[in-house]
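Each chain is listed here by its residues.
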Amino acid sequence: MSTYEELNKVIRDSKHIVFFGGAGVSTESGIPDFRSKDGLYNNRDVQFERYTPEYLLSIDCLDYEPKVFYEFYRQKLNVEGIEPNAAHKKLAEMEKAGKLDGVITQNIDGLHQKAGSVNVQEVHGSTLRNYCKRCHKKYPADAIFTAEGDIPKCHICGGVIRPDVTLYGESLPTEAWRNAIKLVHGADCLIVGGTSLVVNPAASLAMDFRGEHLVIINRDPTPADRMAELVFHESISKVLSQIEL
Ligand SMILES: [Zn+2]
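Residues numbered from 1 in each chain as written. Predicted model: local features only at pLDDT ≥ 70, side-chain atom pairs only at ≥ 80, totals over all residues. Heavy atoms only, no water.

(A) Structural view of the nonpolar core. With 22 residues, the main nonpolar core has Leu-7, Phe-19, Ile-191, Val-215, Ile-217 and Leu-240 as its most contacted residues. Of all the secondary structure elements, the ones that give two or more residues to this core are helix H1 (4-13), strand S1 (17-21), helix H6 (86-96), strand S7 (189-193), strand S8 (213-217), strand S9 (230-232) and helix H11 (236-241). Core analysis: the next-biggest nonpolar cluster, separate from the first, contains 21 residues, Phe-20, Ile-104, Trp-177 and Ala-187 among them. (Core = buried A, V, L, I, M, F, W, Y, C linked by side-chain atoms within 4.5 Å. Buried < 20%, exposed > 50% of the residue type's maximum accessible area, 1.4 Å probe, protein only. Helix = DSSP H or I, 4+ residues; strand = E, 2+ residues; numbered from the N terminus.)

Written out as structure tokens, the structure is:
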């Protein structure tokens, strides 16, 4: 395994550092993996045993069983009161110090912005933004959680209010994805953290990197480890905390 001295040397030698993060960045803030059904309680006639987590976060579920979708969403995706951890904070510090071009994240919890990061490309959207499916009126972060009734409805047109997140069965937000690729192409150092790099788009984005220094931080080995200059199988907040600016 690589050392923190090596990491700091790479950081010093790099002029365009980009961070690309997955679920592991958020779990260290206490955000549960949505794939686990732990902590879910059957409510409002919804029996969660009947569904897979992927279905519960799919466009089909939203369209055809909205009551089920919103029951799962309300129980699982409310990030109110959840705080950024040391990894989010270090990345925000690095950007402020001119040492980081931007963050690309697969997470939908807005924690990078809460920590102070400015250039954040959310390739799966954000639970902090909502909009009406019919008239596209925007709604605040708590709209789904504070709505009356099973399904949140637009008070202008009566359409369903949905989160601005990429659901299973939907394509990625074009602009964020384009910006993410641009960041990766402009980087001489890509730090990948908290993603197993097994499924796309994570895997393809890492493969797109042509720069000099690839750093991988993940608790478990990833298929890209052998391509990386530095590999850490540790907590992301622990490793990033060691970066000296
Ligand atoms: Zn509307």
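Next comes the rest of the account.
(B) Quick look at the sheet that holds strand S5 (residues 138-139). Here three strands make up an open sheet; going across it, the order is S5-S4-S6 and the pairing antiparallel. Looking at the sheet topology across the chains shown, the edges are occupied by S5 and strand S6 (161-165). Bridge count between strand S4 (residues 125-132) and S6: five bridges; the pairing is antiparallel. Residue pairing across strands places Ser-126 opposite Asp-164, the latter belonging to S6. Each of S4 and S6 touches helix H5 (residues 66-76); the most contacted strand, S6, lies at about 55° to it. (Pairing = 2+ DSSP bridges. Contact = heavy atoms within 4.5 Å. Axes fitted to C-alpha atoms, helices over the stretch in contact; angles between N-to-C directions.)

(C) Expanded view of the sheet that holds S1. Spatial ordering of the open sheet is given by S3-S2-S1-S7-S8-S9, a layout of six strands whose pairing is parallel. Sheet topology places strand S3 (120-122) and S9 at the edges, where each strand pairs with a single neighbour. Each strand axis lies, on average, 15° off the axis of its neighbour in the sheet, ignoring direction. Pairing geometry for strand S2 (residues 102-105) and S3, over three bridges, is parallel.

(D) Quick peek at the layout of surface pockets. Within this model, the largest pocket holds a volume of roughly 980 Å³. Ala-23, Phe-34, Arg-35, Gln-106 and His-124 are, among the 39 residues lining the largest pocket, the residues nearest its centre. Per-element tally for the lining of the largest pocket: the top contributor is helix H2 (residues 23-27), with four residues. For the lining of the largest pocket, the domains that each give at least three residues are domain 1 (1-29 + 83-124 + 170-245) and domain 2 (32-78). (1 Å grid on protein atoms, 1.4 Å probe; cavity = no way out; pocket = protein on both sides within 12 Å on 5 of 7 lines; lining within 4 Å. Points joined across faces, edges and corners; volume = space filled by probe spheres on them. Domains from an automatic or database assignment.)

(E) Representation of the domain arrangement of the protein chain within the structure. Here the protein chain is described as being made up of domain 1 (1-29 + 83-124 + 170-245), domain 2 (32-78) and domain 3 (129-165). Computed from C-alpha coordinates alone, the two centres of domain 2 and domain 3 are separated by 17 Å. Note on domain 2 versus domain 3: buried area summed over both sides is about 1100 Å², and carbon and sulfur give 61% of it. For the domain 2 face of the interface with domain 3, the top three residues by lost area are Tyr-70, Tyr-73 and Arg-74, together amounting to 51%. The interface formed by domain 2 and domain 3 contains two salt bridges. In this structure, Asp-150 engages Lys-67 in a salt bridge whose closest nitrogen and oxygen atoms are separated by 4.0 Å. Those elements giving two or more residues to the side of domain 2 that touches domain 3 turn out to be helix H4 (59-64) and H5. If you tally residues by element for the side of domain 2 that touches domain 3, the top one is H5, at six residues. In the side of domain 2 that touches domain 3, the residues fall into seven nonpolar, one polar and four charged. (Buried area = accessible area lost by both parts, 1.4 Å probe. Salt bridge = Lys/Arg side-chain N within 4 Å of Asp/Glu carboxyl O. Nonpolar A, V, L, I, M, F, W, Y, C, P; charged D, E, K, R; others polar.)

(F) Main features of the coordination of the zinc ion. Around the zinc ion, the protein contributes the donor atoms Cys-132 (SG), Cys-135 (SG), Cys-154 (SG) and Cys-157 (SG), at 2.3 Å from the metal centre. For the zinc ion, the four donor atoms in the first shell make angles of 96 to 115° at the metal, a pattern classed as tetrahedral. The sequence motif formed by the donor residues of the zinc ion is C-x2-C-x18-C-x2-C. Of the two residues, Cys-135 sits in the loop between S4 and S5 while Cys-157 sits in the loop between helix H8 (143-146) and S6, which places them 22 residues apart along the sequence. The partly exposed category is assigned to Cys-135, whose relative accessible area is 37%. Looking at Cys-157, the relative accessible area reads 26%, which means it is partly exposed. (Donors = N, O, S within 2.8 Å, 3.2 Å for Na, K, Ca; no water. Tetrahedral: all angles 85-135°; square planar, octahedral: opposite > 155°, others 65-115°.)

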